[in-house]
Amino acid sequence: LRYGLARETKGVLPVPEDVLARTLLVLYPIVRAMVEFQLYTGARPGEIIKLRPGDFDRSGKVELMPGFVTDTGTSIW
């Protein structure tokens, strides 16, 4: 497009939290996990779909910020 020919559209607003909470209750478990993961990480849907089990660190250690590591244990998996 040439400069000035594209038209601006209204931004897409997030889903209200109460609608999200009700929706999570009726989703299949794997889809629910994907939606929750997206909510917690801010990842795009396409990025979540491409994830494989080997992409996750299951050691139980989580670095919350540089130099601050906490141990969640392996029972989380």
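Keep in mind that what you see is a predicted model, and the values were worked out from it rather than measured.

## Structural notes on the pattern of salt bridges
Following the criterion strictly, the structure yields 5 salt bridges and no others. Notably, a salt bridge pairs Asp 55 with Arg 52, separated by 2.9 Å at the nearest N-O pair. Looking at Asp 55, the relative accessible area reads 37%, which means it is partly exposed. The exposure class of Arg 52 is exposed, given its relative accessible area of 54%. Among the salt bridges present, the one from Asp 71 reaches Lys 61, with a minimum N-O distance of 3.5 Å. On the criterion of sequence distance, the pair formed by Asp 71 in strand S2 (residues 68-71) and Lys 61 in strand S1 (residues 61-65) is long-range, its members being 10 residues apart.

## A few points about the packing of aromatic side chains
Going through the model one piece at a time under the given rule, you end up with 1 aromatic pair. Between Phe 37 and Phe 56 the ring centres are 5.8 Å apart and the planes differ by 75°, which places this aromatic pair in the edge-to-face class. Of this pair, Phe 37 sits in helix H2 (residues 29-41) while Phe 56 is found in the loop between helix H3 (45-49) and S1, placing the two residues 19 residues apart along the sequence. Phe 37 sits in the partly exposed class, given a relative accessible area of 29%.

## Here we look at the pairing of S2
Direction of pairing for S1 relative to S2: antiparallel, over a ladder of 4 bridges. Note on S2: the bridge partner recorded for Lys 61 is Asp 71. With antiparallel pairing between neighbouring strands as the criterion, S1 and S2 make up a hairpin whose turn holds 2 residues, including Gly 67 at a positive phi of roughly 85°.

## Some details on H2
Its 13 residues place the ends of H2 18 Å apart at the C-alpha level, agreeing with the 18 Å of an ideal helix rising 1.5 Å per residue. The positive-phi residue at the C-terminal boundary of H2 is Gly 42, with phi of around 80°.

## Points about the confidence of the model for the protein
Atom-level detail of predicted coordinates should not be read off regions where pLDDT is low. Taken residue by residue, the protein gives an average pLDDT of 87. The fraction at 70 or more is 95%. Across the protein, the element-wise mean pLDDT spans from 82 in S1 up to 96 in helix H1 (residues 17-24).

## Some thoughts on a nonpolar patch on the surface
On the surface, Val 62, Leu 64, Met 65 and Phe 68 cluster together into a nonpolar patch covering about 390 Å² of accessible area. Broken down by element, the residue count for the nonpolar patch peaks at 3 residues, all from S1. Looking at where Val 62 falls in the secondary structure, it is placed in strand S1.

Reading the values: rules and limits
Every chain's residues receive numbers from 1 upward, in the order its sequence appears when written. With pLDDT at 70 or above as the cut-off, local features in this predicted model cover only qualifying residues; side-chain atom pairs require 80 or more to be listed or tallied, and sums for whole chains, interfaces and linings still use all residues. Side-chain metrics rest on all non-hydrogen atoms present in the structure, leaving aside hydrogens and water. One side-chain nitrogen of Lys or Arg within 4 Å of one carboxyl oxygen of Asp or Glu is enough to make a salt bridge. Each residue gets one of three labels from its accessible area relative to the maximum for its type: buried under 20%, exposed over 50%, partly exposed in between, using a 1.4 Å probe on protein chains only. Here a strand is any run of E in DSSP of at least two residues, a helix any run of H or I of at least four, and the numbering for each starts at the N terminus. A pair of aromatic rings is counted whenever rings of Phe, Tyr or Trp (Trp by its six-membered ring) have centres within 6.5 Å, and the orientation is called stacked for planes under 30 degrees apart, edge-to-face for over 60 and tilted otherwise. Only strands that DSSP links by at least two bridges are regarded as paired with each other. In this analysis, the expected span of each helix is defined as 1.5 Å times one less than the number of residues it contains. The pLDDT value tells you how sure the predictor is about a given residue, anywhere from 0 up to 100. In this scheme, patches are assembled from residues that exceed 30% relative accessible area and form no salt bridge. Like charges are connected within 9 Å, while nonpolar side chains (Val, Leu, Ile, Met, Phe, Trp, Tyr) are connected within 5 Å. Only the protein chains shown count as cover for residues, with accessible areas throughout obtained via the Shrake-Rupley method and a probe of 1.4 Å.

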